Amino acid sequence: MSSLADLFERNRIWAARMRRADPDLFDRLSEDQNPRYLWIGCADSRVPANQVVDLPPGTVFVHRNIANVVHPTDLSALAVLQFAIEKLRVRDIIVCGHYGCGGVAAAIRGTARGPLQHWLRGLRDLYMDHRDELESMPDQQKRANRLSELNVLQQVRGVANNPIVEVAWSEGRALTVHGVIYDLEDGHLHDLGLTISRPVPA
Ligand code: CO
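Glancing now at the domain arrangement of the chain. For the chain, the domain assignment lists domain 1 (1–31) and domain 2 (34–196). Taken over C-alpha atoms, the centre of domain 1 sits 30 Å from the centre of domain 2.

The 5 strands lie next to each other as E2-E1-E3-E4-E5, forming an open sheet whose pairing is mixed. Among the strands making up the open sheet, the edge pair consists of strand E2 (60–65) and strand E5 (188–196). Within the sheet, the average angular offset between the axes of one strand and its neighbour, ignoring direction, is 20 degrees. When strand E1 (residues 37–42) meets E2, the two strands line up parallel, connected through 6 bridges. Paired with Trp-39 across the bridge in E2 is Val-62. Set on the sheet, helix H9 (residues 140–160) makes contact with E1, strand E3 (92–98), strand E4 (176–183) and E5; between it and E4 the angle comes to about 165 degrees.

With that settled, the discussion passes to the environment of Gln-155. Relative to the elements of secondary structure, Gln-155 occurs in helix H9. Not counting residues within four places of it along the chain, the set of residues in contact with Gln-155 comprises Asn-68, Val-69, Val-70 and Val-95.

Listed as protein donors to the cobalt ion are Cys-42 (SG), His-98 (NE2) and Cys-101 (SG); their distances from the metal cover 2.0 to 2.3 Å. Taken in chain order, the donor set of the cobalt ion reads C-x55-H-x2-C. In this pair, Cys-42 sits in strand E1 while Cys-101 sits in the loop between E3 and helix H5 (102–109), placing the two residues 59 residues apart along the sequence. Exposure remark for Cys-101: the relative accessible area of 5% places this residue in the buried category.

Reading the values: the criteria
- Residues numbered from 1 in each chain as written.
- Predicted model: local features only at pLDDT ≥ 70, side-chain atom pairs only at ≥ 80, totals over all residues.
- Heavy atoms only, no water.
- Domains from an automatic or database assignment.
- Pairing = 2+ DSSP bridges.
- Helix = DSSP H or I, 4+ residues; strand = E, 2+ residues; numbered from the N terminus.
- Axes fitted to C-alpha atoms, helices over the stretch in contact; angles between N-to-C directions.
- Contact = heavy atoms within 4.5 Å.
- Donors = N, O, S within 2.8 Å, 3.2 Å for Na, K, Ca; no water.
- Buried < 20%, exposed > 50% of the residue type's maximum accessible area, 1.4 Å probe, protein only.

What follows is the structure, encoded as structure tokens:
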């Protein structure tokens, strides 16, 4: 028996439940997808995109990596961005960070090695850029949480300055980039108050 027997069993039960709730769901989804949202989030198992906003399959196009980073040279993230905007024509891009992020904590400690060290370099730089503010906070957890927020704000600005997004805006498309953060302690999303829906003057 497959070691994934439990997952297959869960899958069958889930599919039956989805079909009961919405008998046409799988017929519709097998034709096409039409998601309104692009979600760029952390790979953390505790922040599953669709579940935290209670949306069914077909509604959220998702890219997740460690610490919800969009590196300007990350082909995977850029391809997602391009496909979501040019083909799927999403209307909202949500960069979602979270409190208690292990990637953010590792960037602060500066102890990561190998690929993780490279991946977290931008976050490490961001920490150094805000060192005075962050190190004035005695509570380690609050410090990490503040860096999680600063990271989301930086990623939102980066996405808004991406040529793929700029082209969409130049064509008059309605497209908004949002920065939000998820609190593991109560399951709530919070708006970080940075919402960009037109080109930012350089
Ligand atoms: Co994380």
